[in-house]
Every structure is written in C-alpha cells, then in structure tokens.
Amino acid sequence: MSEEKFTDERKGLCGGPNPDDGRGLESDIASVQEAARVLHSASYVLISTGAGMSAESGVPTYRDKHGVWRDFELYSERGLNPAEIAHIDGFERDPHLAWGFQETMRALMHRAEPHAGYEVVRAWLQQRFRDRSFLLTSNIDGLHVRSGVDKHRMWERYGCIWNLSCLARCTDEIWREERVPLFEVDPQTLRSADIPKCPVCGGPARPATQLDHDPGLIKDPIGAARYQSFLDRKPDVYVVIGTTLWFSWPESVQERPTVIHINPSEETHQRYDDALAITMGAKDALIGMEWMLSRLDKSESS
Ligand SMILES: [Zn+2]
C-alpha cells in the first residue's frame, strides 16, 4: 500500500468527522451551543490537542487501532515493526532504518495542511483570549505553529519532529531541521541513505520527540515553564480535543475546571466525570463553537 493510500484510508477513522449522519444531531448542536456559552464567559482557557486533531489533516495516528504502530502496511509487508524501529533502542541498533522511518513520517507531516479547526484554535489563542489562554499539544507535527500560533502561547509536550538533538546527548542543544527529505530512503529496505549528525560531537542525531522508554528527550524548558505559569493562574475551562490520553489537572489546580471534551468516539467521554462532551470531529466541533461564539458576541454588543 502506498503512503498516499495509507493516509487517505485513515481519514474519517482516526478522529475524522462523526460518520453518524443524523443520529443525535440535535444533542450535538446543543453540546456545541453549551460549550460556546461556557467559553464565552471563561476567565482562563487551557486547550489541549492530540492525535485526533492531526488525523483530520491526514497525519496518521500512532497508538490507536489503525495507527502506525499496529497497522502500517508499508512496514508490515516487509516483516518490519515500526514500534521497534522507532524505539530509542532502534536508533542505537540500526540508525539508518530508524531514520528511514523518521523520513517516512516527516514526509507525511510535511504534506499535511492544517485544517480549518487549526485556524479556530489560532484565533482563540491570538485574538479572542490572548493572555488568558494556552495550548498544550501532544502532537509532534508542528501544524499548530504552521497555522500561526505564537510559540509563547503553547508547549509541544512531546517535542517536535522538526527539531533534532544529539542521540548520545553530548549537548542539550536542539536545532531546527525542516528539509524534506534529509536523505533518500531505499523503497525496498526503507533504510535512509545517510543520517543527520550532531554538529558538536559528529555522532548520530535524533528527532527531539518523545520515543518509547526514552531517557534522552530534551524537553523544551521554556514551553514547560510557560505551561506551569499558566496553570498557576487556575484556568477554569479545559478544551480537550482529539486525545484519548488521560489528561488530569495538577495539584496546583484546586477547583476542578469545566472540561469540554471533543472526540468522535463516544466511549472516550467516560474518561472525564461531568465533562461537556461533544461527539464530533475536531474540525466540525471547533468551527461550530466559533460560529456560536460569534453569535454570542453579536447579541452581547446589540
Ligand atoms: Zn553530540
């Protein structure tokens, strides 16, 4: 199966629009309206995005049923397991194969375009809420930055695929590398012709993203500090979009915020008690909420 086909087949499955065509439509609209009302009167808003947000832009997910760890025919038909290849040990064992996988993912992420929901998130962060908002993302594809979110309003908690660091960690520096591809990948063996090097020690470089059992990830200390500083202001609304990761508030948050939980998979809502659940894809839910918010703005000013 080609990469194109792989991407297309994931659309609508991993966080895509709700395939439900009519069932529960009224309750979906009511949820979106209620979420807009909550946002309209919010003091501080924390937005969290995960794989479902990116999936609607064509970036395959990693962990779910059809994610690349379990169902990536390009690799499985060659008897290769991406989860082992992209493991931190995989970089030590066979860096050319590990980088071949990275090149494949970088190409998919490079081709992806931020969907209209990204523009809504950008507008909330940069215009509507400004200093009263912050974005925490577990996505490594950089689509929020590409859509225009200022870096001082966000933290990429698992790093960014467009940043590299030293595999041996001779330095804690990270550096930007956006060329695609960095090196050609052999279409049969899926091995990269070469690997990027650390500019300090000359050893292999690695993506500055979270890998499994990874002691070497250099977390962005500035982004983490900004996130903590935002939490100290006690956000009263959390908007959780397209992530099935358990997302809990830290001890510093005394009063539980209102959680707006957006996910097309109904069972994921059970993860949050009392969440305002929206059973829709990220793009449709965000566009709907922004539309309702603009109507509330108008009724307020008239
Ligand atoms: Zn080095």
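Relevant structure appears above.
Since the structure is predicted, the reported quantities are computational estimates derived from the model, not experimental observations.

Novice: For the overall build of the protein chain, give the residues involved together with the corresponding values.
Specialist: Counting its secondary structure elements, the protein chain contains 11 helices and 9 strands. The burial tally for the protein chain puts 40% of its 302 residues in the buried class. Sequence-distant contacts, at least 24 apart, represent 67% of the contacts inside the protein chain between residues at least 6 apart.

Novice: I'd like a rundown of the sheet that holds strand 3 (residues 154–156), residues and numbers included.
Specialist: Sheet strands line up and pair through hydrogen bonds in the backbone, either parallel or antiparallel. Read from one edge to the other, the open sheet built from 6 strands follows the order 3-2-1-7-8-9, with strand pairing classed as parallel. Strands with a single pairing partner mark the edges of an open sheet, and in this sheet they are strand 3 and strand 9 (276–278). Averaged over all pairs of adjacent strands, the angle between strand axes in this sheet comes to 15 degrees, irrespective of strand direction. In terms of strand pairing, strand 1 (residues 45–49) meets strand 2 (residues 133–137) through 5 bridges, oriented parallel.

Novice: Could you give me a rundown of the packing of helix 2 (residues 25–40) against helix 11 (residues 282–301), with the residues and numbers involved?
Specialist: Axis separation between helix 2 and helix 11 bottoms out at 8 Å; the angle between their running directions is 60 degrees. It follows that helix 2 is oblique to helix 11 by the angle criterion. You can see that helix 2 and helix 11 cross each other, and the crossing is right-handed. Between helix 2 and helix 11, the contacting residues are V32, Q33, A35, A36, R37, L39 and H40 on the first element and A285, G288, M289, M292, L293 and L296 on the second.

Novice: Explain the pairing of strand 1 to me, and be specific about the residues and the numbers.
Specialist: For a regular strand, side-chain orientation follows a simple rule: the groups alternate between the two sheet faces. Taken across its 5 residues, strand 1 has 5 buried, putting it largely inside the fold. Burial along strand 1 is two-sided: the residues V45, I47 and T49 and L46 and S48 are all buried. Of the strand pairs in this sheet, strand 1 and strand 7 (residues 237–241) are connected by 5 bridges, and their pairing is parallel. From the neighbouring strand, I47 faces strand 7, where its bridge partner is V239.

Novice: Describe unusual backbone geometry, listing the residues and the values that go with them.
Specialist: Here the bond from V180 into P181 is cis, since omega is -5 degrees, no more than 30 degrees from zero. Mapped onto the elements, P181 comes out in the loop between strand 5 (174–176) and strand 6 (205–209). The phi dihedral of R130 is positive, around 50 degrees, even though this residue is not glycine. Here R130 shows up in the loop between helix 8 (116–128) and strand 2. For R130, a count of 11 C-beta atoms within 10 Å translates into the label exposed. Within the chain, R169 stands out as a residue other than glycine whose phi angle is a positive 55 degrees. Along the chain, R169 turns up in the loop between strand 4 (159–166) and strand 5. On the basis of neighbour count, R169 is assigned to the partly exposed category, with 16 C-beta atoms found within 10 Å.

Novice: Go over the sheet that holds strand 5, please, and point to the residues and values.
Specialist: The antiparallel open sheet is built from 3 strands, whose spatial order is 5-4-6. In this open sheet, the two edge strands, each paired with only one partner strand, are strand 5 and strand 6. Geometrically, the sheet is characterised by an average inter-axis angle of 45 degrees between neighbouring strands, direction not taken into account. Across 3 bridges, strand 4 lies against strand 5 in antiparallel orientation. In the strand pairing of strand 5, N163 is matched with R176.

Cut-offs used in this document
Residues numbered from 1 in each chain as written. Predicted model: local features only at pLDDT ≥ 70, side-chain atom pairs only at ≥ 80, totals over all residues. Helix = DSSP H or I, 4+ residues; strand = E, 2+ residues; numbered from the N terminus. Buried ≥ 20, exposed ≤ 12 C-beta atoms within 10 Å, placed from the backbone. Contact = placed C-beta atoms within 7 Å. Pairing = 2+ DSSP bridges. Axes fitted to C-alpha atoms, helices over the stretch in contact; angles between N-to-C directions. Parallel < 35°, antiparallel > 145°, perpendicular 65-115°, else oblique. Left-handed = near helix turned anticlockwise from the far one by under 90°.

Remember, this is a structural readout, not a statement about activity or role.
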